[in-house]
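Chain by chain, the residues:
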Amino acid sequence: MANPPLKPPTKPGSRRPVRRVGRPTSESAPSMKASTRSTLIGAMFLMATSAIGPGFITQTTTFTVQLGAAFAFAIAASILVDIALQLNVWRVIGVSGRRAQELGNLVAPGLGWAMAALLFVGGLVFNIGNVSGSGLGTDAMLGLDPKLGGALSALVAIGIFLSKRAGLAMDRIVFVLGALMIVLTTYIAITSGPPVGEALKNVVLPEQVEFLAITTLIGGTIGGYIVYAGAHRLLDSGISGPEHVRDITRGSVTGILITGVMRIVLFLAILGVVAGGTKLDPASPAASAFQQAAGEVGLRVFGIVLWAAAITSVIGASYTTVSFITSRTKTSDRMRTALVVGFIAVTTIIYLAVGTAPTTLLVFAGAFNGLLLPVGIGVLLWVAWRRKDLLNGYRYPAWLLGIGGAAWLLTIYLAVRSVRPVIDLFN
């Protein structure tokens, strides 16, 4: 047997080639970038689809019928405010590497748990509505009994969280369903033939400015758990720290723009129908609009859109609510999964028992979400302004803090308005 060839001796004064260890090769770098990109897309769509729920569809339809093309200004204004708030929420949570409630407890002991309690109650009640919406979606889509459809949809959501790679499965399902909603609604918008020119004119020169519509859209897009969904997902995926500021910024803005695109195409789809003088069915105006635009196909498309909006909201609400009552370091993956599954199961059982969330509970949940918004945003802005020790040496931009503070003042108004229905109940 031949001996292996000997290595040539090293000449005196010559240097051996050094093998570099621990640095990414040219092959691994693209895969790392691809992983970050995939995580960002998942976080963006989780936030966007959490906002695009059954209530989102109802709000957009109602205001389009009331305001017509003038509603375009309210949509544009709400998107700008949403961007100002989400930029700050994602930036503080992402740079600090801590969830919102963890920052709350560091600002004032117990404040984070108070935030978690408000969010949990609101998330629980509104998730009943999300399950209910999924049932209505299967009814319009397949003709299934709404309760059966709601139960089956809940099982689909539970299956996603029980899958071996639940995080990846969640990212992919919200992306696919989010994109599907936009494509299908765009189809309806094209078939309905909306007056696009008139809508564009109202963005700049509105015939009517309805402040109530603007604040309602803001509350519906970033209220309660929605504002934290994408940032917490990004954190759980391992993207945090000052070195990821560019990715964090891109994710926060793009997430709001995705929501805005869906709002715009839905608005145009409804506007094309009502601008022609068609009267919508008061019992289900959105379904009626889709059906008027594209006949029976339109009704089935509405069912798909409503179901996709509802089940992604079930996923977003369950994931984010549980993230507020668990710890990234102390709670095991198995326990976290069990809590998410339990949360979905409880809300589904309540839906099957009572049909939908009682109006009184919805009023209280709306008040809790309304109170949480200025408290949560206030905590994050305080950290950005006064607690630089929590930002890992990052110097927070003054301009970003400024626009965040201006938008925060508007959330105080939203909180006051959300409490008024509770006072009316007792009166």
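Residues numbered from 1 in each chain as written. Predicted model: local features only at pLDDT ≥ 70, side-chain atom pairs only at ≥ 80, totals over all residues. Heavy atoms only, no water.

(A) Local environment of the overall build of the chain. Along the chain, the regular secondary structure elements total 15 helices and zero strands. Across the 427 residues of the chain, 51% fall into the buried class. Considering only contacts in the chain between residues 6 or more positions apart, those separated by 24 or more positions represent 86%. Just so you have it, the chain exposes about 19,800 Å², and 65% of that area is on carbon and sulfur atoms. (Helix = DSSP H or I, 4+ residues; strand = E, 2+ residues; numbered from the N terminus. Buried < 20%, exposed > 50% of the residue type's maximum accessible area, 1.4 Å probe, protein only. Contact = heavy atoms within 4.5 Å. Areas by Shrake-Rupley, 256 points an atom, 1.4 Å probe, with all protein chains shown as cover.)

(B) Geometry of unusual backbone geometry. For asparagine 392, which is not a glycine, the phi torsion comes out positive at approximately 55 degrees. Looking at where asparagine 392 falls in the secondary structure, it is placed in the loop between helix 14 (359-386) and helix 15 (398-426).

(C) Spatial organisation of the packing of helix 4 (residues 100-107) against helix 5 (residues 111-142). Contact pair helix 4 / helix 5: the axes reach a minimum separation of 6 Å and the direction vectors enclose 145 degrees. Contacts between helix 4 and helix 5 involve Ala100, Gln101, Gly104 and Asn105 from the first element and Leu111, Gly112, Trp113 and Met115 from the second. Residues belonging to the contact of helix 4 with helix 5 are distributed by class as follows: four nonpolar, four polar and no charged. (Axes fitted to C-alpha atoms, helices over the stretch in contact; angles between N-to-C directions. Nonpolar A, V, L, I, M, F, W, Y, C, P; charged D, E, K, R; others polar.)

(D) Summary view of helix 6 (residues 146-162). Between its first and last C-alpha atoms helix 6 spans 24 Å; for 17 residues at 1.5 Å apiece the expected length is 24 Å, and the two agree. Where helix 6 is concerned, the buried positions are Gly149, Gly150, Ser153, Ala154, Ala157, Ile158, Ile160 and Phe161. The residue sitting at the N-terminus of helix 6 and contributing the capping side-chain oxygen is aspartate 145; that oxygen lies 3.0 Å from the backbone nitrogen of lysine 147. (Expected span 1.5 Å × (residues − 1). Polar contact = N/O pair within 3.5 Å; in protein donor to acceptor, adjacent residues only side chain to side chain.)

(E) Structural context of the environment of arginine 336. Structurally, the position occupied by arginine 336 is in helix 13 (residues 333-354). Residue arginine 336 is classed as buried on the basis of its relative accessible area, which comes to 16%. Residues arginine 336 and phenylalanine 161 lie 175 residues apart in sequence; the distance between their C-alpha atoms is 9.8 Å. Apart from residues lying up to four places away in sequence, arginine 336 is in contact with Arg99, Val322, Thr326, Ser327, Arg328 and Thr331.

(F) Spotlight on the confidence of the model for the chain. Chain-level statistics for the chain give a pLDDT mean of 88 and a share of 88% at 70 or above. Counting contacts from residues 6-32, a segment whose pLDDT is below 50, to residues more than four positions away or on other chains yields two contacts. (pLDDT = per-residue confidence, 0-100.)

(G) Spatial organisation of a nonpolar patch on the surface. On the surface, Leu148, Leu152 and Leu155 cluster together into a nonpolar patch covering about 280 Å² of accessible area. Tracing the backbone shows leucine 155 in helix 6. (Patch = residues over 30% accessible without salt bridge, like charges linked within 9 Å, V, L, I, M, F, W, Y side chains within 5 Å. Salt bridge = Lys/Arg side-chain N within 4 Å of Asp/Glu carboxyl O.)

(H) Spatial organisation of the nonpolar core. Of all hydrophobic cores here, the largest spans 125 residues; its most connected members are Ile57, Phe71, Val89, Trp90 and Tyr228. Broken down by element, the residue count for this core peaks at 21 residues, all from helix 12 (residues 285-324). Beyond its immediate stretch of four places on either side in the chain, isoleucine 57 contacts Leu266, Ala286, Phe302, Val305, Leu306 and Ala309. (Core = buried A, V, L, I, M, F, W, Y, C linked by side-chain atoms within 4.5 Å.)

(I) Expanded view of the packing of helix 5 against helix 6. Where helix 5 meets helix 6, the closest approach of the two axes is 7 Å, and the angle between their N-to-C directions is 115 degrees. In terms of crossing hand, the pair formed by helix 5 and helix 6 is right-handed. Packed against helix 5, whose contacting residues are Val131, Ser134, Gly135, Leu136, Thr138 and Asp139, the element helix 6 presents Pro146, Gly149, Gly150 and Ser153 at the interface. In terms of residue class, the contact of helix 5 with helix 6 is made up of three nonpolar, six polar and one charged. (Left-handed = near helix turned anticlockwise from the far one by under 90°.)

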